[in-house]
Amino acid sequence: MDNEVKNTSVISIESAITAACKLPYCKIDRVDFLTKQLKGKVSDEQLANALENGTVNAEIPIVILDKIANGAIKLETSKATALSTAAGIPGGVAMIATVPADLAQFYAHVFRIAQKLAYIYGYKEINLDDATHNIIMIFLGVMSGVSAATSALAKLAANNAARIGARVAAKPLSKYAIYNLSKKILGWIGIKLTKVGVGKAVSKAVPVVGGVVSGGITVATFLPMSKKLRKELQIFASMPPEKLLEASVEADIELADYEVEPSGYVDNA
């Protein structure tokens with residue numbers, strides 16, 4: 001028992017997420033991905049429109065988007081269940097000493113499917129540089145069941161929909177709201193993990209046994225998380241402009257507390 005306590009080191013979820021975002025395969029090239037997925041399914045003009053303005057604004061049928069999304073989930077789930085413990089980890093053993101390779105890779109695949117689904121349902125390029133308080137964290141919150149993150153998604157969808165028009169454009173989600181909400185999401189998931197006996201003190205959202213994400217557990221967590229995000233993105237992508245705007249206004253009420261500038265906030269923009 002004493003040896004277990006002595007050998008236990010604290011791992012912050014921020015470190016795991018930052019490590020995941022640094023993996024070379026974590027970032028999805030939006031243009032390349034959408035081009036491959038839409039080529040032959042839509043006209044060249046519609047494809048060009050989708051790359052420029054987003055798939056929803058290009059009025060690509062939702063049935064096509066749903067089919068592509070389901071295929072993307074199936075592919076990423078199969079990849080996530082075949083995690084290679086050290087492959088592709090920058091820094092090799094040095095990185096693994098602070099963040100378990102399998103945990104970083106799990107989140108890398110979570111962020112891969114989040115990007116793919118976002119691009120499928122109309123989003124522009126997503127930045128992974130600031131992993132602790134950017135848009136990708138809102139997607140993670142939706143996948144993890146954080147209700148405020150779903151409200152934020154409604155605002156992002158409204159802001160992203162040029163079809164609403166500037167005349168009745170939704171109030172944008174502020175950088176402070178994104179930052180504050182990201183901190184809530186990190187807290188909900190669980191700020192601390194332990195490297196030894198990770199199965200005892202793990203994130204609420206990602207069960208880990210013996211420091212290794214097993215294939216069965218990965219399917220039991222990754223697949224529902226992916227389907228949850230797909231469902232919410234699809235709901236907002238399918239809404240007519242007036243309903244989307246209405247959802248955005250309703251979200252303002254729930255997100256009001258997050259709009260306050262936090263003390264010690266540093267704007268890295």
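It should be noted that the structure appears before, not after, this text.
A short tour of the structure in this document, coming up. (Residues numbered from 1 in each chain as written. Predicted model: local features only at pLDDT ≥ 70, side-chain atom pairs only at ≥ 80, totals over all residues. Heavy atoms only, no water.)

The next thing to look at is the overall build of the protein. Counting its regular elements, the protein contains 12 helices and two strands. From first element to last, N terminus to C terminus, the protein shows the α and β order α-β-α-α-α-α-α-α-α-α-α-β-α-α. Split by element, the accessible area of the protein, about 12,300 Å² in all, is 57% carbon and sulfur. (Helix = DSSP H or I, 4+ residues; strand = E, 2+ residues; numbered from the N terminus. Areas by Shrake-Rupley, 256 points an atom, 1.4 Å probe, with all protein chains shown as cover.)

To continue, consider the packing of helix α7 (residues 101–120) against helix α8 (residues 135–143). Put simply, α7 and α8 touch, their axes get as near as 10 Å, and they point 100° apart. Relative to α8, the element α7 lies roughly perpendicular. On the side of α7, the interface is formed by Tyr107, Val110, Phe111, Ile113, Ala114, Gln115 and Ala118, while α8 contributes Ile136, Phe139, Leu140 and Met143. Looking at the contact of α7 with α8 residue by residue, the class counts come to 10 nonpolar, one polar and no charged. (Axes fitted to C-alpha atoms, helices over the stretch in contact; angles between N-to-C directions. Parallel < 35°, antiparallel > 145°, perpendicular 65-115°, else oblique. Contact = heavy atoms within 4.5 Å. Nonpolar A, V, L, I, M, F, W, Y, C, P; charged D, E, K, R; others polar.)

A separate point is the pattern of salt bridges. Taken as a whole, this structure holds eight salt bridges when the rule is applied. Residues Lys27 and Glu125 are paired through a salt bridge, measuring 2.8 Å at the closest nitrogen-oxygen approach. In this pair, Lys27 is assigned in the loop between α2 (13–22) and α3 (30–38) and Glu125 in the loop between α7 and α8, connecting sequence segments 98 residues apart. Residue Lys27 is classed as partly exposed on the basis of its relative accessible area of 37%. A salt bridge links Lys39 to Asp44; its shortest N-O distance comes to 3.8 Å. Here the residues in one salt-bridge network are Glu76, Arg112 and Lys116, joined through shared partners. (Salt bridge = Lys/Arg side-chain N within 4 Å of Asp/Glu carboxyl O. Buried < 20%, exposed > 50% of the residue type's maximum accessible area, 1.4 Å probe, protein only.)

Of all hydrophobic cores here, the largest spans 78 residues; its most connected members are Ile17, Tyr107, Phe111, Ile120, Phe139 and Leu140. The biggest single contributor to this core is α7, with 12 residues. Excluding anything up to four places from it in sequence, Leu140 contacts Ile17, Tyr107, Val110, Phe111, Ile185, Ile189 and Met225. (Core = buried A, V, L, I, M, F, W, Y, C linked by side-chain atoms within 4.5 Å.)

What follows concerns the side chain of Ser226. On the secondary structure map, Ser226 appears in helix α11 (residues 215–238). Those residues in contact with Ser226 that sit more than four places away from it in its chain are Ile73, Ile113, Leu117 and Met143.

Moving on, we get to helix α5 (residues 62–80). Because each turn of an α-helix spans 3.6 residues, side chains separated by three or four positions end up pointing in the same direction. Over its 19 residues, α5 extends 26 Å from the first C-alpha to the last, a length consistent with the 27 Å expected when each residue adds 1.5 Å. Three or more residues of α5 are buried, namely Ile64, Leu65, Asp66, Ile68, Ala69, Ala72, Ile73, Glu76, Thr77 and Ala80. (Expected span 1.5 Å × (residues − 1).)

What follows concerns the environment of Ala177. Locating Ala177 in the fold gives a position in helix α10 (residues 175–189). The exposure class assigned to Ala177 is buried, which follows from its relative accessible area of 2%. Measuring from C-alpha to C-alpha, the distance between Ala177 and Val260 comes to 7.1 Å, with 83 residues separating the pair along the chain. Among all residues touching Ala177, those that are not within four sequence positions of it are Tyr258 and Glu259.

With that settled, the discussion passes to the packing of aromatic side chains. Evaluation of the coordinates by the stated rule reveals four aromatic pairs. Here Tyr107 and Phe111 contribute two aromatic rings whose centre-to-centre distance is 6.2 Å and whose plane-to-plane angle is 35°, an arrangement assigned as tilted. With Tyr107 and Phe111 both in helix α7 and four residues apart, this pair spans about one turn of that helix. Each member of the pair, Tyr107 as well as Phe111, carries the same accessibility label: buried. With a centroid separation of 5.5 Å and 80° between ring planes, the pair formed by Tyr123 and Phe139 is classed as edge-to-face. Of this pair, Tyr123 sits in the loop between α7 and α8 while Phe139 sits in helix α8; the two residues are 16 residues apart in sequence, bridging distant segments of the chain. Considered together, Tyr123 and Phe139 belong to a single accessibility category, that of buried residues. (Phe/Tyr/Trp six-rings, centres within 6.5 Å; stacked < 30°, edge-to-face > 60°.)

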